[in-house]
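Residues per chain, in single letters:
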Amino acid sequence: MSIDNVTPSEWEAVAKAARQSTMEQIAKAARPSTMDTQIGGSHYTNQGIQPLELTYANFGYYGVRSALYTKVNKYLTRNKGNHLQDLEKAKHCIELQIEFAKRGQAGG
């Protein structure tokens, strides 16, 4: 196949696909990620890759789900003197799980 033999309809099909892909990328970039925030510090957001991203890469959604379940349980049951911050951390973990569930298209 040569670029000299491309028909106008083929050019239009390629251009349409490129526009659609670009719009999807723009929409995705415009959505804020829960991974961009951290409650009570910056020790995870300042790393090159966050531990949950690594967990997701190695174990998928169900690995992240297990890790976050443990974290939520910890934040809801501990007594370190800042209960409100612990509630915010638990809420943040649930938001992270929702984000990973959507990424992994988890159904159950």
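For the structure itself, look to the data block above.
Within each chain, residues carry numbers counting from 1 in the order of the written sequence. Only residues with pLDDT of 70 or above have their local features reported here, since the model is predicted, and side-chain atom pairs are shown and tallied only from 80 upward, although totals for entire chains, interfaces and linings are computed over all residues. For side-chain calculations, the full set of non-hydrogen atoms in the structure is used, while hydrogens and water are omitted.

1. Comments concerning the pattern of salt bridges
Put simply, a salt bridge is a Lys or Arg side-chain nitrogen that is within 4 Å of an Asp or Glu carboxyl oxygen. Under the criterion given, the structure shown has two salt bridges. Its salt-bridge partner being Glu53, residue Arg103 comes within 2.9 Å of it at the nearest N-O pair. Linking Arg103 in helix H3 (residues 83-104) with Glu53 in helix H2 (residues 51-77), this pair joins segments that are 50 residues apart in sequence. Owing to a relative accessible area of 23%, Glu53 belongs among the partly exposed residues under this scheme. Note that Arg78 and Asp86 form a salt bridge whose closest N and O atoms lie 2.8 Å from each other. For Asp86, a relative accessible area of 2% gives the class buried. Helix numbers and strand numbers start at the N terminus; a helix is a DSSP run of H or I with at least 4 residues, a strand a run of E with at least 2. Working definition: with a 1.4 Å probe on protein chains only, accessible area under 20% of the residue-type maximum means buried, over 50% means exposed, and in between means partly exposed.

2. Focus on a nonpolar patch on the surface
A cluster of nonpolar residues, Leu76, Leu84 and Leu87, forms a patch on the protein surface that exposes about 290 Å² of accessible area. Here Leu76 shows up in helix H2. By relative accessible area, Leu76 is classed as partly exposed at 47%. Exposure above 30% relative accessible area and no salt bridge define the residues that can form patches, which grow by joining like charges within 9 Å and nonpolar side chains of Val, Leu, Ile, Met, Phe, Trp and Tyr within 5 Å. In this description, accessible areas are obtained by the Shrake-Rupley approach with a 1.4 Å probe, and a residue is regarded as covered only by the protein chains that are shown.

3. Examining the environment of Glu88
With respect to the element layout, Glu88 can be found in helix H3. For Glu88, a relative accessible area of 34% gives the class partly exposed. Through-space distance from the C-alpha of Glu88 to that of Ile39 is 7.0 Å; in sequence the pair is 49 residues apart.

Note that every value here comes from positions in space, so none of it alone points to a role or purpose.
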